[in-house]
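The primary structure of each chain is shown beneath.
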Amino acid sequence: MTIFIQQVVNGLMLGGLYVMVAVAFTLIVGMLNFLNFTIPALFMVAAVTTWATMAGGFGVGVDSVLVSLLGADNRWIAGAILALIVVTLASLVIERFTYRYTKTKYGDSTEHALPLVSSLGFLIFFEHLVISIWGSDVMTVASPFGNASFYIGAIQFSVPQTISLVLSLIIVFMLSYLLQKTKLGRALRSIAERPDTALLMGIDVGKIVPIVYIITGLLCAMAGILFTINYTTVDAYVGDRVASIAIAGMVLGGLGNVWGAILGGLLIGMMEVLSLYFFGASAVKISIWGLVLVFLIIRPTGLFGHTSIGKGKF
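Residues numbered from 1 in each chain as written. Predicted model: local features only at pLDDT ≥ 70, side-chain atom pairs only at ≥ 80, totals over all residues. Heavy atoms only, no water.

Peer 1: Where do I start with the nonpolar core in this structure?
Peer 2: Side chains of a nonpolar character, in soluble globular proteins, are inclined to be buried together. Residues Met20, Val23 and Leu219 are the most contacted members of the largest nonpolar core, which totals 89 residues. By residue number, the principal contributor to this core is helix H1 (residues 2-32), which donates 16 residues. Look past the residues within four positions of Met20 in its chain and what remains in contact with it is Ser168, Ile171, Val172, Leu219, Met222, Ala223 and Leu226. (Core = buried A, V, L, I, M, F, W, Y, C linked by side-chain atoms within 4.5 Å. Buried < 20%, exposed > 50% of the residue type's maximum accessible area, 1.4 Å probe, protein only. Helix = DSSP H or I, 4+ residues; strand = E, 2+ residues; numbered from the N terminus. Contact = heavy atoms within 4.5 Å.)

If you want it as structure tokens, here you go:
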């Protein structure tokens, strides 16, 4: 029984990272009504940027400057800051060419497949940019926290994983508060409901939509940073693997529902770890997507169900 509980705890820790990516997908689907394939790329860019800063991947010159400023043990702080900046700028570029450009040229861009296809193009571009610089091999780095852990009874809790889980839940709860209680949140919900009507009511959609991209980018960046620090292994396709599982969590929880994305991400994390422990790595995808398919058959709206557009969604 102790072993089972330990695996459940490990799954919750992993699920905390999936939560942020699943919520990022949910925001884009809920607000702008299309599946943004740049989310895996943003996760990967943050993870690789963190790795490169920690492992000296930017070259001896940059690494020596970081060591002189922060010390050898604190390069991960610079990596986290740099990853947040890079992903934020990348999110704004992506917004410019996956949403604003198509909306300006073709009207309501959500009625076209162009944003989805252009976001897929950005995904491929970022992946091959990383491959051209660092190659396609797996890259590893030592965790700044080492093997720090603590016990509650017989259950072991990794310190960095626990911090990641708590931090991810805090970030998502803060996002929920922003959507429900603030003026910006009301503007975002109105755009999710009817963007044209929101524009008539005085909401500057052109300024609000980039905020959606920035928020989703920061969620992906935090998840990528925490992934690198916790699991210490990255490559150009790490975003694809994580995002595919996060999408499963989003669908399982209920498409377009933030709280469903939270629960779905945690459940998928537990499912992955338990499948890995009991059946091996080859059965992980079978278990996860088998569960999703079962839910799509018996409850296609997910655990929380599809919600109404706008305020009811968030």
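Peer 1: What should I look at first to understand the pairing of strand S2 (residues 149-152) in this one?
Peer 2: A regular strand places its side chains on the two faces of the sheet in alternate fashion. Here S2 runs beside strand S3 (residues 155-158); their pairing, made up of four bridges, is antiparallel. Counted as the bridge partner of Tyr151 is Gln156 from S3. Linking S2 back to S3 in an antiparallel pair, the connection comprises two residues, with Gly153 at a positive phi of about 65°. (Pairing = 2+ DSSP bridges.)

Peer 1: So what exactly am I meant to see when it comes to helix H6 (residues 159-181) here?
Peer 2: Given 3.6 residues to a turn, an α-helix orients residues that are three or four positions apart in the same direction. When the terminal C-alpha atoms of H6 are compared, their 32 Å separation across 23 residues agrees well with the 33 Å that a helix rising 1.5 Å per residue should span. Those residues of H6 lying buried are Pro160, Gln161, Thr162, Ser164, Leu165, Ser168, Ile171, Val172, Leu175, Ser176 and Leu179. (Expected span 1.5 Å × (residues − 1).)

Peer 1: Just to check I follow, could you spell out the packing of H1 against helix H9 (residues 205-231) for this structure?
Peer 2: In a pair of packed helices, the angle between the axes and the distance between the axes together describe the arrangement. H9 packs onto H1 with a crossing angle of 165° between their chain directions and a minimal axis gap of 9 Å. Taken together, the axis directions place H1 and H9 in an arrangement best described as roughly antiparallel. Helix-helix and strand crossings are classified by hand; for H1 and H9 the assignment is left-handed. Across from Met13, Leu14, Leu17, Met20, Val21, Val23, Ala24, Leu27, Ile28, Met31 and Leu32 in H1, the residues of H9 making contact are Val209, Val212, Tyr213, Ile215, Thr216, Leu219, Cys220, Met222, Ala223, Leu226, Phe227 and Tyr231. (Axes fitted to C-alpha atoms, helices over the stretch in contact; angles between N-to-C directions. Parallel < 35°, antiparallel > 145°, perpendicular 65-115°, else oblique. Left-handed = near helix turned anticlockwise from the far one by under 90°.)

Peer 1: Can you walk me through the environment of Phe173 in this structure?
Peer 2: With respect to the secondary-structure elements, Phe173 resides in helix H6. Using a relative accessible area of 46% as the deciding quantity, one classes Phe173 as partly exposed. Sequence spacing of Phe173 and Trp259 is 86 residues, and the spatial spacing of their C-alpha atoms is 9.4 Å.

Peer 1: Even after reading the chapter, I still don't get the environment of Gly256, so can you show me in this structure?
Peer 2: Here Gly256 lies in the loop between helix H10 (238-253) and helix H11 (258-279). Residue classification places Gly256 among the buried residues on the basis of a relative accessible area of 2%.

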